[in-house]
Amino acid sequence: MGEFYQLKDIEKIGPKKGVGMLYTENEFMLRLIVHIVAQSVKDVLMSLVDDGLVTMDKIGTSNYFWSYPSAALQLGKNKLKDLQASLEKEKAKQQRLQEEIGEAKETREDTDERAELLKELAELKAKNKELMNELQKYKENDPVLFEKKEKAAAIAKEAANRWTESIWEIESYCVKKFNMDRTAFEQNFGIPEDFDVLN
């Protein structure tokens with residue numbers, strides 16, 4: 001008959017049995033990583049629960065864990081079945097695309113018009129590449145990029161002003177609460193005389 005465990009039991013047994021698999025009376029219990037340290041047992045166990053290799057159930061106020069070879073075997077079979085179905089679907093898709101390519105090649109004629117269009121396409125691609133390279137030279141003057149930089153600068157300015165005001169609040173608190181001299185506070189914390197919000 002199979003056994004079930006609480007987390008505290010597994011934390012005690014795990015580090016001792018950490019090599020390979022944990023067996024109790026010839027019953028498969030848990031697959032554990034080699035050389036498990038006590039602190040990682042819970043993480044490994046929850047990972048096995050997430051992967052469906054270990055079952056967890058709450059009974060009363062306690063969580064119980066168990067795993068049997070038949071459950072792991074069934075999980076593996078189901079995964080294999082899903083992967084095989086996915087593979088068959090992709091093979092059918094590949095076959096269909098190959099047929100479409102074959103049909104397109106058979107029906108397509110190498111006419112003078114097609115050759116002219118391909119030549120024009122190659123010229124346009126070359127021209128596009130040339131224009132993109134030219135555009136890169138003027139990227140710094142891009143109005144969209146300029147607007148983004150302006151927005152980022154405004155956000156940074158607001159953040160800096162919030163920090164400045166927060167420092168003033170802390171300074172006022174220390175001056176009032178601890179009867180500190182404002183100049184001494186500023187000297188101790190390296191606050192310059194011209195420290196102020198940004199305009």
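Residues numbered from 1 in each chain as written. Predicted model: local features only at pLDDT ≥ 70, side-chain atom pairs only at ≥ 80, totals over all residues. Heavy atoms only, no water.

Student: Looking at this model, I keep getting lost on the overall build of the chain. Mind explaining?
Tutor: Helix and strand counts for the chain come out as six helices and five strands. Moving toward the C terminus, one meets the helices and strands of the chain in the order β-α-β-β-α-β-β-α-α-α-α. Counting over 199 residues, the chain shows a buried share of 15%. Intrachain contacts of the chain at a sequence separation of at least 6 include 42% that bridge at least 24 residues. Working note: accessible area of the chain is about 16600 Å², and carbon and sulfur atoms make up 55% of it. (Helix = DSSP H or I, 4+ residues; strand = E, 2+ residues; numbered from the N terminus. Buried < 20%, exposed > 50% of the residue type's maximum accessible area, 1.4 Å probe, protein only. Contact = heavy atoms within 4.5 Å. Areas by Shrake-Rupley, 256 points an atom, 1.4 Å probe, with all protein chains shown as cover.)

Student: What should I look at first to understand the side chain of Asn-161 in this one?
Tutor: Tracing the backbone shows Asn-161 in helix α5 (residues 143–178). Separated by 2.6 Å, the side chain of Asn-161 and the backbone nitrogen of Leu-198 make a polar contact. When neighbours within four sequence positions are excluded, Asn-161 is seen to be in contact with Val-197 and Leu-198. (Polar contact = N/O pair within 3.5 Å; in protein donor to acceptor, adjacent residues only side chain to side chain.)

Student: Whenever I open this one, the environment of Leu-48 confuses me. Can you help?
Tutor: Note that Leu-48 resides in helix α2 (residues 41–50). You can call Leu-48 buried: its relative accessible area is 10%. In sequence terms Leu-48 and Ser-67 are 19 residues apart; their C-alpha atoms lie 9.8 Å from each other.

Student: Which parts of the structure should I look at to understand the pattern of salt bridges?
Tutor: Close approach of charged atoms allows side chains of opposite charge to pair. Taken as a whole and judged by the stated rule, the model has four salt bridges. When the shortest N-O distance is used, the salt bridge between Arg-96 and Glu-100 registers 3.8 Å. You can see Arg-96 and its partner Glu-100 sitting in helix α3 (residues 69–107), four residues apart, about one turn around the helix. Residue Glu-134 is joined to Lys-137 by a salt bridge in which the shortest nitrogen-to-oxygen separation is 3.5 Å. A residue pair is termed a helical-turn pair when its members lie 3 or 4 positions apart in one helix, as Glu-134 and Lys-137 do in helix α4 (residues 112–137) at three residues. (Salt bridge = Lys/Arg side-chain N within 4 Å of Asp/Glu carboxyl O.)

Student: How should the pairing of strand β5 (residues 62–66) be read in this particular structure?
Tutor: Looking down a regular strand, the side chains alternate between one sheet face and the other. Summarising the sheet, strand β4 (residues 55–59) and β5 pair through five bridges and their orientation is antiparallel. In the strand pairing of β5, Lys-58 is matched with Asn-63. Linking β4 to β5, which pair antiparallel, is a turn of two residues; within it Gly-60 sits at a positive phi near 65°. (Pairing = 2+ DSSP bridges.)

Student: So what exactly am I meant to see when it comes to the nonpolar core here?
Tutor: Soluble globular proteins tend to pack their nonpolar side chains together in the buried interior. In terms of nonpolar packing, the biggest core is built from six residues, these being Val-44, Leu-45, Leu-48, Val-49, Val-54 and Phe-65. With four residues, α2 is the largest single contributor of residues to this core. (Core = buried A, V, L, I, M, F, W, Y, C linked by side-chain atoms within 4.5 Å.)

Student: Got a minute to help me understand unusual backbone geometry in this structure?
Tutor: Most peptide bonds take the trans form, and the phi angle of most residues other than glycine is negative. Backbone geometry at Asn-179 places phi at a positive 55°, although glycine is not the residue there. Mapped onto the secondary structure, Asn-179 falls in the loop between α5 and α6 (182–188).

Student: Looking at this structure, how should I read the packing of aromatic side chains?
Tutor: Think of a pair of aromatic rings as described by two things: how far the centres are apart, and how the planes are tilted against each other in angle. Counted according to the given criterion, the structure contains three aromatic pairs. Summarising the aromatic geometry, the rings of Trp-168 and Phe-195 are spaced 6.3 Å apart at their centres and angled 90° between planes, so their arrangement reads as edge-to-face. Taken together, the residues span a long stretch of sequence, with Trp-168 in helix α5 and Phe-195 in the segment after α6 at a distance of 27 residues. Using a relative accessible area of 32% as the deciding quantity, one classes Trp-168 as partly exposed. Pairing Tyr-173 with Phe-178 gives two aromatic rings, centres 6.2 Å apart and planes at 85°, and the pair type is edge-to-face. What makes Tyr-173 partly exposed here is its relative accessible area of 47%. Given the relative accessible area of 53%, Phe-178 is considered exposed. (Phe/Tyr/Trp six-rings, centres within 6.5 Å; stacked < 30°, edge-to-face > 60°.)

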